[in-house]
Amino acid sequence: MLRAFRDAFRIPDLQRKIVFTLLLLAVYRLGSAIPTPGVNTAALEQATSGGLFGLISMLSGGNLSQFSIFALGVLPYITASIVIQLMTTTIPALEKLSKEGEEGRKKINQFTRYAAVGLGAVQALFFSLYITSNPSFLAPGWDPGIFTLVVMVLTQVAGIAFTMWIGERITDVGVGNGISLIITAGIIAVYPREIAATAQLISTDQVQILSLVAFVAVILLTIAGIVYVYQAERRVPVTYARARAGAAGQARGAGQATWLPIKVNQAGVIPVIFASAMLILPNLIATATVTRAPAVNAWIQTNLTFGQPLYLLLEAALIFGFTYLYNSVQFDPKRIAEQLREAGGFIPGVRPGTPTAEFLGTISGRLSLWGATFLVILTVMPQLVQSATGITTFQFSGTGLLIIVGVALETLKQLEAQLTVRRYDGFISKGRIRGRLNN
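Residues numbered from 1 in each chain as written. Predicted model: local features only at pLDDT ≥ 70, side-chain atom pairs only at ≥ 80, totals over all residues. Heavy atoms only, no water.

Enquirer: Hey, could you run me through helix α10 (residues 178-189) in this one?
Expert: In an α-helix there are 3.6 residues to a turn, and that puts residues three or four apart on one side. The terminal C-alpha atoms of α10, which comprises 12 residues, lie 16 Å apart, in line with the 16 Å expected from a rise of 1.5 Å per residue. When you tally the buried positions in α10, you get nine out of 12 residues, the bulk of the element. Three or more residues of α10 are buried, namely Gly178, Ile179, Leu181, Ile182, Ile183, Thr184, Ala185, Gly186 and Ile187. Measuring from the backbone nitrogen of Ile179 back to the side-chain oxygen at the start of α10 gives 3.2 Å, which picks out Asn177 as the cap. (Helix = DSSP H or I, 4+ residues; strand = E, 2+ residues; numbered from the N terminus. Expected span 1.5 Å × (residues − 1). Buried < 20%, exposed > 50% of the residue type's maximum accessible area, 1.4 Å probe, protein only. Polar contact = N/O pair within 3.5 Å; in protein donor to acceptor, adjacent residues only side chain to side chain.)

This is the structure we're talking about:
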């Protein structure tokens, strides 16, 4: 795959796509440095570290902590995509629309954009109210009135729409998935500053060299584990009893054998995001009960804050629950069993129909267990490693590494596929030229 990335720069067409992608990502990062009017970024950055705010800020490349014009970035689009995706499997009209090919996909994407803007407006209002409720978060000369609130919300909605446009242009014209690359660029953007802060700790002897070596070793092992699990899949053998159309449009003979791949981590980082979103509710309750119910506030601050044992336990339980829920929606054994039967395929040793659905459901359930365990380890381990080594300047996040590694692998695969297509086209063109010369 790394050779594919190197070879891509030798092809002018792919060169232009890569440069176009990098330029749009640079535009996004430039906008991330422009603060929203009326915000005191220094005070806000100190208050939004850790917890869900820290997770969202990490996914937005630090935009939330600074409340830049791209503070929410692609997060509303991601949430809207997940909601529309779940609704597609439950609402017959959307399910029918998803089966109408390219036109249906365009309409669903349009619904997703509208939902993202609406959801982003609500989220922008929530964060704007949070900022205006604390005078220290406001820049000098700005008062917590309706004008300030409207300016902040409109700025964020415009930033969401522009970020979606950048992501879609990268997907259509550039290389890779635009939304994923924007998230990855945001996560990587904070690494130089955190590496410099960590080096400062080493130079002042606040952290031992051995602790740094152990910290780096754990990061490398985590990356290796992510690559292994990300590419891991269970291949269920499938045999077709009658001829069927192949991928290239040619008929495959009776008895053609293939397999059905089922990924170990089908849900990606979605369960982690959902679990973190649920666990922000106790902190909101604590904020609302500071004066009215000090006992409740004290218990929440002691037990349900980021890094506490009860918090980690609830987070693990929610990750397991959301993993099974998401996989059950995404992977429908009954639908797949029906499609196999219609195509004349069957799993050797398993009867078609209900037995096949039960067999696939059992495999999916077992893989969901391992996938959820993997996500829990990625979520809990960084917190334990930072506590053990004392290195808190570098935000070692398993979720962030999972996104970076996954996007890098998918982008390299896409480059490799485009190189293969060009080599194949070139081979066919040369063959045609030789045939004409021979004739």
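Once you've had a look at it, read on.
Enquirer: Explanation requested: the confidence of the model for the protein chain in the structure shown.
Expert: Detailed reading of the predicted coordinates is not advisable wherever pLDDT is low. Looking at the protein chain, pLDDT values average 79 and 83% of them are 70 or higher. Scored below 50 in pLDDT, residues 243-254 shows 17 contacts in the model against residues more than four places distant or in partner chains. (pLDDT = per-residue confidence, 0-100. Contact = heavy atoms within 4.5 Å.)

Enquirer: Help me understand the packing of aromatic side chains, please; the structure alone is not making it clear to me.
Expert: Think of a pair of aromatic rings as described by two things: how far the centres are apart, and how the planes are tilted against each other in angle. Applying the stated criterion across every chain, the model contains five aromatic pairs. On the basis of an interplanar angle of 20 degrees and a centroid distance of 5.9 Å, the ring pair of Phe70 and Phe162 is categorised as stacked. You can see Phe70 sitting in the loop between α5 (63-66) and α6 (75-88) and its partner Phe162 sitting in helix α9 (residues 146-173), a full 92 residues away along the chain. On the accessibility criterion, Phe70 (4% relative accessible area) is buried. For Phe162, a relative accessible area of 34% gives the class partly exposed. Three or more aromatic residues link up through ring pairs in this structure, and these residues are Tyr28, Phe70, Phe162 and Trp165. One residue, Lys263, lies across the ring of Tyr230, its end atom 5.1 Å from the ring centre. (Phe/Tyr/Trp six-rings, centres within 6.5 Å; stacked < 30°, edge-to-face > 60°. Lys NZ or Arg CZ within 6 Å of the ring centre and 35° of its normal.)

Enquirer: Please clarify how a nonpolar patch on the surface should be interpreted in this entry.
Expert: On the surface, Ile146, Phe147, Val150 and Leu154 cluster together into a nonpolar patch covering about 450 Å² of accessible area. Its place among the elements puts Val150 in helix α9. (Patch = residues over 30% accessible without salt bridge, like charges linked within 9 Å, V, L, I, M, F, W, Y side chains within 5 Å. Areas by Shrake-Rupley, 256 points an atom, 1.4 Å probe, with all protein chains shown as cover. Salt bridge = Lys/Arg side-chain N within 4 Å of Asp/Glu carboxyl O.)

Enquirer: Sorry, what's going on with the nonpolar core here?
Expert: Grouped burial of nonpolar side chains is what soluble globular proteins tend to show. In this structure, Phe67, Ile131 and Leu360 are the most contacted members of the largest nonpolar core, which totals 81 residues. Broken down by element, the residue count for this core peaks at nine residues, all from helix α17 (residues 354-389). Discounting residues that sit within four places of it in the chain, Leu360 has contacts with Val236, Leu260, Ile262, Phe331, Pro333, Ile336 and Ile347. The next biggest cluster of nonpolar side chains, apart from the first, holds six residues, and it includes Ala8, Leu14, Ile18 and Leu415. (Core = buried A, V, L, I, M, F, W, Y, C linked by side-chain atoms within 4.5 Å.)

Enquirer: How do you make sense of the packing of helix α8 (residues 101-132) against α9 when you look at a structure like this?
Expert: Between two packed helices, the angle of one axis relative to the other and the distance separating the axes together describe the packing. Here α8 crosses α9 at 140 degrees, and the two axes come no closer than 8 Å. In this view, α8 runs oblique relative to α9, as classed from their interaxial angle. The two elements α8 and α9 meet at a crossing, and its hand is right-handed. Contact with α8, carried on its side by Arg113, Ala116, Val117, Gly120, Ala121, Ala124, Leu125, Ser128, Leu129, Ile131 and Thr132, involves Thr148, Leu149, Met152, Val153, Gln156, Val157, Ile160, Met164 and Glu168 of α9 and no other residues of that element. Broken down by class, the residue content of the contact of α8 with α9 amounts to 13 nonpolar, five polar and two charged. (Axes fitted to C-alpha atoms, helices over the stretch in contact; angles between N-to-C directions. Parallel < 35°, antiparallel > 145°, perpendicular 65-115°, else oblique. Left-handed = near helix turned anticlockwise from the far one by under 90°. Nonpolar A, V, L, I, M, F, W, Y, C, P; charged D, E, K, R; others polar.)

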